[in-house]
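Coordinate inspection notes
So you can see what is in the structure, the chains are spelled out below.
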Amino acid sequence: MHVMVYAGMMGHYLHLTPEAMTDLLFGSAFHDIGKLHIGHSILNKPAGLNEVEFQEIRNHPTYGYSYMQYFPVVAARAKKIALEHHEKLNGSGYPQQLVGDQIDDLAKVVTVCDIFDAVVSKRSYHKQRTVTDGIRILRESVDKGELSSDYVELFVTNVLSYHISEAHRKVV
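For clarity, every value in this text was computed on a predicted model and none was experimentally measured. (Residues numbered from 1 in each chain as written. Predicted model: local features only at pLDDT ≥ 70, side-chain atom pairs only at ≥ 80, totals over all residues. Heavy atoms only, no water.)

Here we come to helix 6 (residues 76–84). Restricting attention to buried positions, one finds in helix 6 the residues Ala78, Lys79, Ile81, Ala82, Leu83 and Glu84. Where helix 6 is buried, its residues meet helix 2 (18–29), helix 5 (60–68) and helix 7 (105–120). (Buried < 20%, exposed > 50% of the residue type's maximum accessible area, 1.4 Å probe, protein only. Helix = DSSP H or I, 4+ residues; strand = E, 2+ residues; numbered from the N terminus. Contact = heavy atoms within 4.5 Å.)

Structure below.
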């Protein structure tokens, strides 16, 4: 749910239309639904994945997109977000190796949110890292041509400043 909350905040700062905001929220809420098709032994494996297992993980956006076709109430753009949330601007992403403007702008937003959440959350395959690590990794991805600098800076400047101020309020 963190990804959806981050994406919703991004949508607010991007002044999305109500329709686009709905697509963003649905797409981000269900971006990883394709992981339901992947076995727990792969999803929760504490060590590195072998090539076959990694390919199965890389298939989850396609599985999710296919699964979402059974729900006509979900807009096509929300489904597209689920399909494209691992695509990178330079074509190094998956599953379609899309580049630049071939990737839906809302999928680019979810990609930023998902990468940050993956870094700062505890996972079976890595320990929880700091917000600073998350920012560094996002900015390195911009430098590699993988992510939009505009979306990363909007995320860091607005979403994270809110996130950090809320965390500070809970401590004080």
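Moving on, we come to the nonpolar core. A general tendency of soluble globular proteins is for nonpolar side chains to be buried together. With 29 residues, the main nonpolar core has Met10, Leu24, Val112, Cys113, Phe116, Leu138 and Phe155 as its most contacted residues. Among the secondary structure elements, those contributing two or more residues to this core are helix 1 (2–13), helix 2, helix 7, helix 8 (131–143) and helix 9 (149–171). Examining the composition of this core, we find that nine residues originate from one element, helix 7, more than from any other. With sequence-adjacent residues up to four places away left out, phenylalanine 155 is seen in contact with Tyr6, Met10, Val112, Cys113, Phe116, Leu138 and Leu160. (Core = buried A, V, L, I, M, F, W, Y, C linked by side-chain atoms within 4.5 Å.)

What follows concerns the packing of aromatic side chains. Overall, the coordinates contain five aromatic pairs when judged by the stated rule. Judged by centre distance (6.4 Å) and plane angle (25°), the rings of phenylalanine 26 and phenylalanine 30 are stacked. (Phe/Tyr/Trp six-rings, centres within 6.5 Å; stacked < 30°, edge-to-face > 60°.)

Once that is clear, we can look at unusual backbone geometry. With an omega of 15°, the peptide bond running from tyrosine 94 to proline 95 counts as cis. Note that proline 95 resides in the loop between helix 6 and helix 7. The phi torsion at histidine 15 lies on the positive side, around 55°, for a residue other than glycine.

Here the focus is the packing of helix 2 against helix 7. One way to put it is that helix 2 packs onto helix 7 with a least axis distance of 10 Å and a crossing angle of 45°. Here helix 2 lies oblique to helix 7, going by the angle between them. The chirality of how helix 2 crosses helix 7 is right-handed. Here Ala20, Asp23, Leu24 and Ser28 of helix 2 lie close against helix 7, whose contacting residues are Leu106, Val109 and Val110. When its residues are assigned to classes, the contact of helix 2 with helix 7 shows five nonpolar, one polar and one charged. (Axes fitted to C-alpha atoms, helices over the stretch in contact; angles between N-to-C directions. Parallel < 35°, antiparallel > 145°, perpendicular 65-115°, else oblique. Left-handed = near helix turned anticlockwise from the far one by under 90°. Nonpolar A, V, L, I, M, F, W, Y, C, P; charged D, E, K, R; others polar.)

Scanning the model with the defined rule gives one cavity of 30 Å³ or more in all. Taken as a whole, the largest cavity holds about 40 Å³ of empty space. In terms of lining residues, the largest cavity is bounded by Glu87, Lys88, Leu89, Ile103, Lys108, Thr111, Glu146, Leu147 and Ser148. Here the residues of the lining of the largest cavity sort into three nonpolar, two polar and four charged. (1 Å grid on protein atoms, 1.4 Å probe; cavity = no way out; pocket = protein on both sides within 12 Å on 5 of 7 lines; lining within 4 Å. Points joined across faces, edges and corners; volume = space filled by probe spheres on them.)

Turning our eyes to something else, we now look at the pattern of salt bridges. Across all of its chains, the model carries eight salt bridges by this definition. Between aspartate 101 and lysine 108 there is a salt bridge, with the nearest N and O atoms lying 3.9 Å from each other. Assessed through its relative accessible area of 76%, aspartate 101 is described here as exposed. A salt bridge links lysine 108 to aspartate 105; the shortest N-O distance between them is 3.3 Å. (Salt bridge = Lys/Arg side-chain N within 4 Å of Asp/Glu carboxyl O.)

Here we come to a nonpolar patch on the surface. On the surface, Leu36, Tyr67, Tyr70, Phe71 and Val73 cluster together into a nonpolar patch covering about 640 Å² of accessible area. The topology assignment puts leucine 36 in the loop between helix 2 and helix 3 (40–43). (Patch = residues over 30% accessible without salt bridge, like charges linked within 9 Å, V, L, I, M, F, W, Y side chains within 5 Å. Areas by Shrake-Rupley, 256 points an atom, 1.4 Å probe, with all protein chains shown as cover.)

Before going further, it helps to examine the side chain of glutamate 53. With respect to the secondary-structure elements, glutamate 53 resides in helix 4 (residues 51–58). Looking at glutamate 53, the relative accessible area reads 15%, which means it is buried. Among the polar contacts listed, one links the side chain of glutamate 53 to the side chain of lysine 45, at a separation of 2.7 Å. Residues within four places of glutamate 53 in sequence aside, it is in contact with Ile42, Lys45 and Gly48. (Polar contact = N/O pair within 3.5 Å; in protein donor to acceptor, adjacent residues only side chain to side chain.)

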